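Listed below are the residues making up each chain.
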Amino acid sequence: MPIRATVWNEFVHERENATVKAIYPEGIHRTIAAALSSDEGIDASTATLDEPEHGLSVERLAKTDVLLWWGHKAHGEVSDSVVDRVQQRVFEGMGLIVLHSGHFSKIFKRVMGAPCSLRWREAGERERLWAINRSHPIAQGVGDFIELTNSEMYGEPFLVPEPMETVFVSWYEGGEVFRSGLTYQRGAGRIFYFGPGHETYPIYHDAQIQQVLRNAVRWAHNPARPWLDVSTAPNVPVDQAPEKIEKRGGSLHAAGEEGFR
Ligand code: ZN
């Protein structure tokens, strides 16, 4: 069964800005979905902000193994209830790939629990994404580095928690560096943040960038079935805890005389 990837995009710039529309006439989400679909092991579809429930209904998320997220102008328009739902699915095992300006999305800030701020400069400068973790599945097939002739600079300090792994570090012509490919796990869900992807540059048309996205979908996919349903997971009350607990001196201590019951 192929990995079911849903590419979510706010889909605002492409409809408001002629430059962006010329690069992504069908929207960033459709370009990325087409790139993913060139892998026969990935079944990619799309969802956008304007759809009912932003295209991320319970039913839709139940059929999503890996969710990719592109947003920039409309982070504030994403409903908190949808963010709650996506977060729960990540905890249960759904992969999440957050792209570029998605660093400030509600869902990324939620799962990071950190400001997620960074330095930036839009000057069309050269970026080299060095694959510093070359044995990592996400870095396969891209060589020593990916070079983007025109990119938006994203620089450190990037205020995210220390990642599980750093796959890419970017160098920019202007001198800054940035941890541009980071992995995390929250609950059972794997998360990958990938820095490049400013809307006025044709970055998602780049063959190596597309390779990274396909690799990331495969890496983030959790093949376990069934996933844990967090909403129905048993919450054991203290008085029913398998280890006997007594209250002593105002705090709880294990009694010790019986281990199980
Ligand atoms: Zn940007």
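Small disclaimer: the values here were computed from a predicted structure and weren't measured. (Residues numbered from 1 in each chain as written. Predicted model: local features only at pLDDT ≥ 70, side-chain atom pairs only at ≥ 80, totals over all residues. Heavy atoms only, no water.)

K.L.:
So what about the coordination of the zinc ion? Which residues, and what values?
P.N.:
When a metal holds four donors in a tetrahedron, each ideal angle between them is 109.5 degrees; when it holds six in an octahedron, the ideal angles are 90 or 180 degrees. Summarising the metal site, the zinc ion is bound by the protein donors H100 (NE2), E152 (OE) and H198 (ND1), whose distances to it range over 2.0 to 2.1 Å. In the primary structure, the donors to the zinc ion are separated according to the pattern H-x51-E-x45-H. Taken together, the positions of E152 in strand β6 (residues 145-155) and H198 in the loop between β9 (189-194) and α7 (207-220) put the pair 46 residues apart, joining distant regions of the chain. Take E152: its relative accessible area is 7%, and that puts it in the buried class. (Donors = N, O, S within 2.8 Å, 3.2 Å for Na, K, Ca; no water. Helix = DSSP H or I, 4+ residues; strand = E, 2+ residues; numbered from the N terminus. Buried < 20%, exposed > 50% of the residue type's maximum accessible area, 1.4 Å probe, protein only.)

K.L.:
I'd like a rundown of the packing of aromatic side chains, residues and numbers included.
P.N.:
Tallying each qualifying case throughout the model produces ten aromatic pairs. Plain terms: the ring middles of W130 and F145 are 4.6 Å apart, the flat faces sit at 50 degrees to each other, and that makes the pair tilted. Of the two residues, W130 sits in strand β5 (residues 119-131) while F145 sits in strand β6, which places them 15 residues apart along the sequence. Residue W130 is classed as partly exposed on the basis of its relative accessible area of 33%. The interplanar angle of 25 degrees and the centroid separation of 5.6 Å between the aromatic rings of F192 and F194 together place this pair among those described as stacked. We classify F194 as buried; its relative accessible area is 0%. Counting every residue linked through ring pairs, the aromatic cluster contains F108, Y154, F158, F178 and Y193. (Phe/Tyr/Trp six-rings, centres within 6.5 Å; stacked < 30°, edge-to-face > 60°.)

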